[in-house]
Amino acid sequence: MGKYTLPEMPYAYDALEPHIDARTMEIHHTKHHQTYTDKLNAALDSCPAEVQAKDILDILSDLNQVPEAQRGAINFNGGGFDNHRLFWNNMKPNGGGEPGGSIADAIKDSFGSFSDFKEKFSSSTAVVQGSGWGWLVYNPSSKKVEYKSMPNQTSPRTEGLVPLLGCDVWEHAYYLKYQNKRPDYISAWWNVVNWDEVESRFSKAK
Ligand code: MN3
């Protein structure tokens, strides 16, 4: 057995209906997330013991500590493992609405207003080329929240950013229900955002 196992879902596969359909959630979790997990473990098996001993978050924050032969696989599958772990918890049934607390103030400070943030996040994530993610991140250097899109499964942690809220725009996240209409998926996704989780993540990051 590998170091990492597929995390359990915090809710049923059909809990996010009608916004995200149950079949997509089941395949996304049991096939895609499982594959990133398995391939992360396989890549770690080929790494030196001192790398294996570190937590994946520490590894992602400095990929130069990974031997070059394994770096691409760790970036992709380690990112995929952690991104999806965040993604499931970034959503909840009956979510959505506007955040309160300190994350609301931070969003207003960086983007002007919540609606300006939502527009920026939606429009920028809709045009991510190919497969990738849109993220609300905390930047420890500027001490502000920022929008950041990332390609494929590359984690914002690889750029020293702390992921707070991520929207997976790989086609596997929406194609069964939304086909090529990625903007429709993103607008539906806002209805399941778990702002309590984002606030909690932000409080720890600050
Ligand atoms: Mn995915």
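Please read these numbers as outputs of a predicted model, since none were measured by experiment.

About the criteria used
Residues numbered from 1 in each chain as written. Predicted model: local features only at pLDDT ≥ 70, side-chain atom pairs only at ≥ 80, totals over all residues. Heavy atoms only, no water. Phe/Tyr/Trp six-rings, centres within 6.5 Å; stacked < 30°, edge-to-face > 60°. Helix = DSSP H or I, 4+ residues; strand = E, 2+ residues; numbered from the N terminus. Buried < 20%, exposed > 50% of the residue type's maximum accessible area, 1.4 Å probe, protein only. Salt bridge = Lys/Arg side-chain N within 4 Å of Asp/Glu carboxyl O.

Chemist: What am I meant to see in the packing of aromatic side chains here?
Modeler: In this description, a pair of aromatic rings is defined by centroid distance and the angle of the planes. Within this structure, the stated rule accounts for 20 aromatic pairs. Measuring from centroid to centroid gives 5.8 Å for tyrosine 36 and phenylalanine 76, while their planes differ by 70 degrees, and the two rings are edge-to-face. On the criterion of sequence distance, the pair formed by tyrosine 36 in helix 1 (residues 22-45) and phenylalanine 76 in helix 4 (residues 68-89) is long-range, its members being 40 residues apart. Look at tyrosine 36 and you get buried, because its relative accessible area is 5%. With relative accessibility at 30%, the residue phenylalanine 76 sits in the partly exposed group.

Chemist: Can you walk me through the pattern of salt bridges in this structure?
Modeler: Where side chains of opposite charge bring their charged atoms close, a pairing between them can arise. Evaluation of the coordinates by the stated rule reveals seven salt bridges. One salt bridge connects arginine 85 with aspartate 82, and the closest N-O pair in it is separated by 2.8 Å. Of the two residues, arginine 85 and aspartate 82 both sit in helix 4, three residues apart, roughly one turn of that helix. A salt bridge links arginine 157 to aspartate 82; the shortest N-O distance between them is 2.8 Å. Highlighted residues: arginine 157 in the loop between strand 2 (144-151) and strand 3 (162-168) and aspartate 82 in helix 4, separated in sequence by 75 residues. Of the two residues, arginine 157 and aspartate 82, both sit in the buried class. Residues participating in the shared-partner salt-bridge network are Asp82, Arg85 and Arg157.

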